[in-house]
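Chain residues, written in single-letter form:
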Amino acid sequence: MFGFVGREQELRDLAWALDQVRAALGGRAPGQCIQMRGRRRIGKSSLVEEFLLRSRVPAIYFTAERRTEEHELASFWQAVQEASWED
């Protein structure tokens, strides 16, 4: 397996957003939600997974399924409740 290749600018953009969150509250920021859109099968999920691996920050990775807003919010909150956070 070759590992993750490319997308360096996008990884820098995500790192910049993370730095902004950290700076906003002196490193004790509650978090930030980033929405990402694009054509199918261009590597959005792989980009996020790689960023989370590199940044080593607590995160919840949630993928919407094109259902009703109520269902998506319920699924998201379930993911939040089931998340295991390490300090």
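Shown above is the structure to which this text applies.
Now for a quick tour of the structure. (Residues numbered from 1 in each chain as written. Predicted model: local features only at pLDDT ≥ 70, side-chain atom pairs only at ≥ 80, totals over all residues. Heavy atoms only, no water.)

Points about the pattern of salt bridges
Part 1 of the reasoning: Going through the model one piece at a time under the given rule, you end up with three salt bridges.
Part 2 of the reasoning: Between R54 and E8 there is a salt bridge whose closest N-O contact spans 3.8 Å. Here R54, found in helix 2 (residues 44–55), pairs with E8, found in helix 1 (residues 8–24); they are 46 residues apart in sequence, far enough to count as distant.
Part 3 of the reasoning: Looking at R54, the relative accessible area reads 44%, which means it is partly exposed.
Part 4 of the reasoning: Take E8: its relative accessible area is 38%, and that puts it in the partly exposed class.
Part 5 of the reasoning: A salt bridge links E65 to R67; its shortest N-O distance comes to 3.3 Å.
Part 6 of the reasoning: In this structure, a network of salt bridges that share partners links the residues E8, E50 and R54. (Salt bridge = Lys/Arg side-chain N within 4 Å of Asp/Glu carboxyl O. Helix = DSSP H or I, 4+ residues; strand = E, 2+ residues; numbered from the N terminus. Buried < 20%, exposed > 50% of the residue type's maximum accessible area, 1.4 Å probe, protein only.)

Here we look at the nonpolar core
Part 1 of the reasoning: Formed by L11, L14, L18, L47 and F51, the largest nonpolar core amounts to five residues.
Part 2 of the reasoning: Those elements that provide at least two residues to this core are helix 1 and helix 2.
Part 3 of the reasoning: With three residues, helix 1 is the single largest residue contributor to this core.
Part 4 of the reasoning: Excluding its chain neighbours within four sequence positions, the residues that come into contact with L47 are F4, R7, E10, L11, L14 and M36. (Core = buried A, V, L, I, M, F, W, Y, C linked by side-chain atoms within 4.5 Å. Contact = heavy atoms within 4.5 Å.)

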